[in-house]
Amino acid sequence: MMNKADIVIIGAGISGLSIAYNLAKKGQKNIVVLDKSHFLAGATARCGAGVRQQWATELNCLLAKKSIEFFAHANETLNYHRDIEFKQGGYLILSTSEEEDKQFEKNVKLQNSLGIPTKHLNKEEALKIVPHLNPDSFTTATFCETDGHVNPFLMSEAYYLAAQKLGVVFHFFNEVKDIILENGKISKVITDKMEIKTNKVVDAAGGYAQDIGCMVGLDIPVFSENHEILVTERAPKMFEPMVMSFSKNIYCQQVPHGSILMGRNNPKAKHNHDISSSWRFLDEMAKTVNHILPEVAKQRVIRTWGGSYNISPDFQPIISDSSVEGFYIACGYSGHGFMFAPITGELLTEIILGEPLEYYAKALHMDRFKDMDKIDREHSVV
Amino acid sequence: MNKKDIIICRCEDVSLADIHEALDMGYRDFESIKRILRVGMGPCQGQSCSHLVKNEIARYNKVRPETIKIHKTRPLVSGVVLKDIAESDDDE
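Scope of this entry: the structure provided in the associated data block. The structure presented is a predicted model; accordingly, all values stated were derived computationally and were not measured. (Residues numbered from 1 in each chain as written. Chains lettered and ligands numbered in written order. Predicted model: local features only at pLDDT ≥ 70, side-chain atom pairs only at ≥ 80, totals over all residues. Heavy atoms only, no water.)

**A closer look at helix 3 (residues 50-61) of chain B**
All names here are of chain B. Helix length check: helix 3, at twelve residues, gives a terminal C-alpha distance of 16 Å against a target of 16 Å (1.5 Å per residue), a fit within 8%. For helix 3, every residue scored as buried is listed here: Ser50, Val53, Lys54, Glu56, Ile57 and Ala58. The inward-facing, buried residues of helix 3 abut strand 1 (7-9), helix 1 (16-25) and helix 2 (30-37). (Helix = DSSP H or I, 4+ residues; strand = E, 2+ residues; numbered from the N terminus. Expected span 1.5 Å × (residues − 1). Buried < 20%, exposed > 50% of the residue type's maximum accessible area, 1.4 Å probe, protein only. Contact = heavy atoms within 4.5 Å.)

Put into structure tokens, the structure is as follows:
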């Protein structure tokens, strides 16, 4: 049997799901989503479940703000029978030096100018929000009360079920092996189980987005890197916001379920598809959390895991068409694909359907990396 | 006995009825069911529920239980390689 589709989306993670849903909602028919493994095998299910708007670039602030506006009503919009667990407990970001505080001053000004209600706090004010903080571990902080948490599994399921209701077809355990071009245009997608005739492909393959790009001869300037994370057993409620520090290299939040998630990056991580767990992470993570949140360090860790960050040169996503006709890209989220998923689906749908784009959406094009001197780098990243 | 009263995952309070509902919805492998229901994600990390869930999946899919893959075990339950600990301080 020869399968046909108007659009094939590669990757059933949060980006692919949001794109599929948004396309279908606008009336696009015959959408097929392919995934090489089971439901949510990739980075979406491995993320830290935080959603924040406190960024250092205008672009990231805008993407985050628009996404949070969607999360706030996602249960009703998607008519979801469970709860995506959207909780606005805020993000408390700690500064540990004068230099960092100066940068935060700029960030807050930018965020406020875009309507994001971040406040610059002194130590006493921060301690009122999270009394468990070690007062000697930071100097000042910023706090945005409308940042927070969404359950990645359930948010994904909400999109998945809504997309299915609109007629989107999903094929799991179908690994894309090749994409065939004819006269420079997409003509066919070949998986390890089937072939699908199509003229349009969306690369939403997360950690494997670069590899998919190579299949059509595109060198997407992204790479993948393992970021590890751990979870504790359920604890009585200890603190509301995500606590984060770029200089101390930690993010940590207690999710509604009661368990506490925390992660940090490994500056020596290699550029590859590794997602294993290391002792080094456990060791460093334990020491960092013990320093900043000693009460949290009294909890028992029950599991560690890793996931791929797909990193772009400016730590902002690529959401664009490409020089290959019919090939669209949503990748390079640099660790923030989950929290930007709602706007990802909306923007890529506009791009695919040829609708007029807002000014900021044009800035997400892959072509911005042709002149690396001009790019606006995001620094607020763990 | 009511399926709602048969607890499969004691850590996360998941019943047999929940498992059957997930299977009916189309989640037919352990990892997918885990993501929706949290089976195997609690303190015991699936040491009590994984074989019960595996049998339910096998029965539903009409295949032999040994063909069903259970969830991935991770540290700390899966143990830690000594070399990994020994080399964790290396600063090369």
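**Observations regarding the sheet that holds strand 12 (residues 195-197) of chain A**
All names here are of chain A. Taken together, the four strands give an open sheet; going across it, the order is 1-12-11-10, and neighbouring strands pair in mixed fashion. The outermost strands of the open sheet, each flanked by one partner alone, are strand 1 (3-4) and strand 10 (176-182). Where strand 10 lies against strand 11 (residues 185-191), six bridges are found, and the strand directions are antiparallel. Each residue of the ladder has a partner; that of Glu182, found in strand 11, is Lys185. (Pairing = 2+ DSSP bridges.)

**Describing unusual backbone geometry**
The peptide bond linking Pro75 of chain B to Leu76 of chain B adopts the cis configuration, its omega dihedral lying at 15°. On the secondary structure map, Leu76 of chain B appears in the loop between helix 3 and helix 4 (82-86). Even without being glycine, Phe315 of chain A reaches a positive phi, approximately 55°. Note that Phe315 of chain A resides in the loop between strand 18 (301-311) and strand 19 (318-320). A residue is classified by how much of its surface remains accessible, and Phe315 of chain A, at 26% relative accessible area, is partly exposed. Located in the positive-phi region is Ser334 of chain A, a residue other than glycine, with phi close to 55°. Inspection of the secondary structure assignment puts Ser334 of chain A in the loop between strand 20 (327-331) and helix 9 (341-352). Ser334 of chain A sits in the buried class, given a relative accessible area of 0%.

**As for the sheet that holds strand 18 of chain A**
Residue and element names in this part refer to chain A. Reading across the sheet, the eight strands line up as 6-7-5-15-16-17-14-18 and stay open at both edges, with mixed pairing between neighbours. At either margin of the open sheet sits one strand with a lone partner, and together these are strand 6 (118-121) and strand 18. Between one strand and the next, the sheet's axes are offset by a mean angle of 20°, whatever the strand orientation. Judged from the ten bridges that link them, strand 14 (residues 223-232) and strand 18 form a sheet pairing that is antiparallel. Within the sheet, the bridge partner assigned to Thr232 lies in strand 18 and is Val301. In the packing of helix 8 (residues 279-292) onto the sheet, the strands contacted are strand 5 (91-95), strand 14, strand 16 (250-254), strand 17 (260-264) and strand 18, and the crossing angle to strand 17 comes to about 115°. (Axes fitted to C-alpha atoms, helices over the stretch in contact; angles between N-to-C directions.)

**Quick word on the pattern of salt bridges**
All names here are of chain A. All chains considered together, the criterion is met by 22 salt bridges over all chains. Between Glu195 and Lys188 there is a salt bridge; the shortest N-O distance is 3.1 Å. Glu284 is paired through a salt bridge with Arg264; the nearest N and O atoms lie 2.9 Å apart. Here Glu284, found in helix 8, pairs with Arg264, found in strand 17; they are 20 residues apart in sequence, far enough to count as distant. The class of Glu284 is partly exposed, set by a relative accessible area of 25%. A residue is classified by how much of its surface remains accessible, and Arg264, at 12% relative accessible area, is buried. (Salt bridge = Lys/Arg side-chain N within 4 Å of Asp/Glu carboxyl O.)

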